[in-house]
Amino acid sequence: MQQQYTYSRGFRIFVFCLVTPFALVPLVAFGATILGGVTLPLQTLCGFLLVLPGLALATYCVNEMLSEVTSDAIGIRYRSFLYKRELLWQEVKGYQLKEGSLVLLPAVTGKRKVRISRRRRNFREIADWIAGRFPKLGEVAVNVTGTEDKTDIVASYELKMARKIAWVLNLIGFVVMLLCFFFVRSMPWLPLILVVLLPVTLITFIYYKGQPVMIDQKKEPFSLVLVTIIFCAIGLFVFAEPIFNITLKELWLGAFAVTGVFTVGIIYAIRHWKTASAQKTWGVISFIIFCTPAFFESLVYLNVFFDHSKPQFFETKVFDKRTSRRRSTSYFLVVEPWGPVKSPVLIPVGKRKYEAANVDDIVRIELHEGAFEIPWYTPRY
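Heads up: these notes are all about the structure in this document.

The rules behind the values
Throughout, a residue's number is its position along its own chain's written sequence, starting from 1. Whole-chain, interface and lining totals are the exception, using all residues; otherwise, since this is a predicted model, local features are given only for residues with pLDDT of at least 70 and side-chain atom pairs are given and counted only at 80 or more. Side-chain calculation: all heavy atoms of the structure are included, whereas hydrogens and water are not. Strands were regarded as paired on the criterion that DSSP finds at least two bridges between them. Strands here mean DSSP runs of E at least two residues long; helices mean DSSP runs of H or I at least four residues long; both are numbered from the N terminus. The convention used is that axes are lines fitted to C-alpha atoms, helices contributing only their stretch in contact, and that angles between N-to-C directions extend from 0 to 180 degrees. For Phe, Tyr and Trp, where Trp contributes only its six-membered ring, two rings pair if their centres lie within 6.5 Å, and the inter-plane angle classes them as stacked under 30 degrees, edge-to-face over 60, or tilted in between. Any residue under 20% of the maximum accessible area for its type is buried, any over 50% is exposed, and the rest in between are partly exposed; the area is computed with a 1.4 Å probe on protein chains only. Definition used in this section: a nonpolar core is a set of buried Ala, Val, Leu, Ile, Met, Phe, Trp, Tyr and Cys residues joined via side-chain atoms within 4.5 Å. In this description, contact between two residues means that some pair of their heavy atoms is separated by no more than 4.5 Å.

### Things to note about the sheet that holds strand S12 (residues 362-368)
Overall, antiparallel pairing links the six strands, which are arranged S8-S13-S12-S9-S10-S11 in an open sheet. Taken across any chain shown, the strands that pair with only one partner, and hence form the sheet edges, are strand S8 (244-245) and strand S11 (345-349).

Right, here's the structure in full:
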């Protein structure tokens, strides 16, 4: 009787959410090229390097999630929209267990091995049947036929996958953050990857019940996931740093609301952690501390990036210059009230601009309505 083994709907939705940042990279890059054009060879090179890996990974994941494995009395077949493989039962030499998946190895030259992921429905049934009929090849630490050993397989596989995904997310966040330092003005769509990466990272953490974030639950909870969130926050800050918002209340309320939703999910995910309550509490507090500014900067970015309103221009004057000396020196120009702003405003500037500016210099202000109807502006010197 023919049997089909496909991925569960929940797991497919999770993987599709996970690869969304990779799929967005080529789409956003092509859209930016069509709308804004490419003026520098370096932009073309960076866009090409960003598009290919994301497109390849997204294609591979979609291909795997939509694939199906079927078995009957004759053999077993793997089919996807990219390729298909088939092994007759008499052509199977044996099996190996790799990261919770069964790999059927062929005894016939020219045949390709068939992998059956433990994430597929009815994996237990076919695993028991294959383990009872074919020899186990290679060094395998556990036995797939024992109930207790199966639990060990699942736990080990989950932990390995969780940590791999965590390091992949860290790498993506780090690379995009670095690119933001150099190309955020020429390629303003780059921070959009970080905006998408934030919820994907947190959903991954909740899905794997906290495993992507731990090196040691008893000592360093939340270590890995916070690295990705920090990278996202830094990259978004690079974009948001020259942006000024007239009202910040709505942005902070939105950031707190989103952080609160994910905090509930975090607390639910780590409820079974075998560690001290104080460490759990500190982990949640650390999560709130880093996620709140990251979500705030995400809202600032989205409010600017999707804003297509016509700008209004105002002129004001510099009436004072100030510095703030702490670990490093910060420089500010104080400008007179203008337009909807009824009080003096401190505008942070670099040292060169501070030294070149004089009292009574004219500063031109460019005001926008904002995609979320939260007005924002940038000074033009």
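### Remarks on unusual backbone geometry
Of note in the backbone geometry, Asp 360 takes a positive phi value of approximately 80° without being a glycine. By the secondary structure assignment, Asp 360 is in the loop between helix H10 (351-356) and S12. In this model, Glu 373 sits at a positive phi of 60°, which is unusual for a non-glycine residue. Looking at the element boundaries, Glu 373 is found in the loop between S12 and strand S13 (376-380).

### A few points about the environment of Glu 297
Position of Glu 297 among the secondary structure elements: in helix H9 (residues 277-305). Spatially, the C-alpha atoms of Glu 297 and Phe 237 are 6.3 Å apart, while their sequence positions differ by 60 residues.

### A look at the sheet that holds strand S2 (residues 68-71)
In spatial order, the strands read S1-S2-S3-S4; together these four strands make up an open sheet with antiparallel pairing. The open sheet terminates on both sides in strands that have one partner only, identified here as strand S1 (3-5) and strand S4 (84-88). Within this sheet the neighbouring strands show an average axis-to-axis angle of 15°, counted without direction. Pairing analysis gives four bridges linking S2 to strand S3 (residues 75-79), with the strands arranged antiparallel. Bridge pairing in S3 links Val 69 to Tyr 78.

### Things to note about the packing of aromatic side chains
The tally for this structure, following the rule as stated, stands at 18 aromatic pairs. Taken together, a centroid distance of 5.4 Å and an interplanar angle of 15° make the contact between Phe 244 and Tyr 377 stacked. One end of the pair, Phe 244, is in strand S8; the other, Tyr 377, is in strand S13, and 133 residues separate them in sequence. Given a relative accessible area of 13%, Phe 244 falls into the buried group. In this structure Tyr 377 comes out as buried when scored by relative accessible area, which is 5%.

### Some thoughts on the nonpolar core
Leu 190, Leu 202 and Ile 229 are the most contacted members of the largest nonpolar core, which totals 62 residues. Those elements that place two or more of their residues in this core are helix H1 (9-18), helix H2 (20-36), helix H3 (41-65), helix H5 (147-183), helix H6 (190-207), helix H7 (223-240), helix H8 (249-269) and H9. Discounting chain neighbours no more than four positions away, the residues touching Ile 229 are Leu 198, Leu 202, Phe 287, Phe 290, Cys 291 and Ala 294. Ranked by size, the runner-up nonpolar core spans 19 residues in total, among them Tyr 5, Tyr 78, Tyr 95 and Leu 97.

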